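Per-entry structural report
The residues making up each chain are set out below.
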Amino acid sequence: MSTATSRRLLNIISLAGLIVSVWFTIYCFHLGVFKNTAALQNLVGHAEFFGPLLFIALQIVQVVIPIIPGGISLAAGVLIFGPIEGFVYNYIGIVIGSLIAFFLGRRFGKPLIHHLISQKTYDRYIGWLDNQNRFTKLFAIAIFLPVAPDDVLCLLAGLTKMSFKTFTMIILLGKPATILAYSYALVYGGMFISHIL
């Protein structure tokens, strides 16, 4: 499969994921889940064991292949499973997904990365790799900040000489702040908007 075809396919998948996410958000709004989270929890109440596993699997996949926007899945985890369990499931899924992305970048290199991210995004961040020590510092800072393209940087980190141990420590220590910032901002932002409406 050519790079252009694979990117087009990924764009279609991402667009479909975004449409489903918007539809699901509207559906949840009509159910009143932003005013009463028990309504959303009831949606997964019959899948007490498989629900968390499916959610973690979704988070793992969306780190490597952007099926749905990461912020939406983070907020969904908190809304569905509650603040503590939601955080734990988000954290587990994203950490595992990040480790897989790093491994894929290291194992398959630039050809795979060109299939997964756009040339524009690749060109924007590939310069970070010119200095290995600088990249490690920039990567650590980016992982701590909730605005960086973590998934892209995890793939690119696989192209560097960064050790798996260093990468893992940065992810384990940096992800909690980002997960909390994204998920709670979206959850409470959604609740605030629902009260206004």
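See the structure printed just above.
Computed from a predicted structure; not experimentally measured. Every chain is numbered independently, its residues counted from 1 as its sequence is written. Restriction of local features to residues with pLDDT of at least 70 applies here, the model being predicted, together with a cutoff of 80 or more for giving and counting side-chain atom pairs; totals for whole chains, interfaces and linings are based on all residues. With hydrogens and water excluded, all non-hydrogen atoms of the structure serve as input to the side-chain values.

Digging into the overall build of the chain
Under the DSSP-based scheme used, a helix requires at least four consecutive residues in state H or I and a strand at least two consecutive residues in state E, with every element numbered from the N terminus. When helices and strands are counted, the chain shows 9 helices and 0 strands. If you list the helices and strands of the chain from N to C, you get α-α-α-α-α-α-α-α-α. Of the contacts made within the chain by residues no fewer than 6 positions apart, 76% connect residues no fewer than 24 positions apart. Carbon and sulfur atoms provide 71% of the accessible area of the chain, an area that totals close to 10800 Å². In what follows, residue pairs with any heavy atoms lying within 4.5 Å of each other are defined as contacts. We get accessible surface area from the Shrake-Rupley algorithm with a probe of 1.4 Å; when it comes to residues, only the shown protein chains can shield them.

Here we look at the pattern of salt bridges
Within this document, salt bridges are pairs made up of a side-chain nitrogen of Lys or Arg and a carboxyl oxygen of Asp or Glu, the two lying within 4 Å of each other. On inspection of all chains with the given rule, the structure shows 1 salt bridge. The residue lysine 175 makes a salt bridge to aspartate 150 at a minimum N-O spacing of 2.7 Å. With lysine 175 in helix H9 (residues 164-196) and aspartate 150 in helix H8 (residues 150-157), this pair connects stretches of sequence that are 25 residues apart. Here lysine 175 matches aspartate 150 in class, with each residue buried. Burial here depends on accessible area, computed with a 1.4 Å probe over protein chains only, as a share of the maximum for the residue type. Under 20% is buried, over 50% is exposed, and the range in between is partly exposed.

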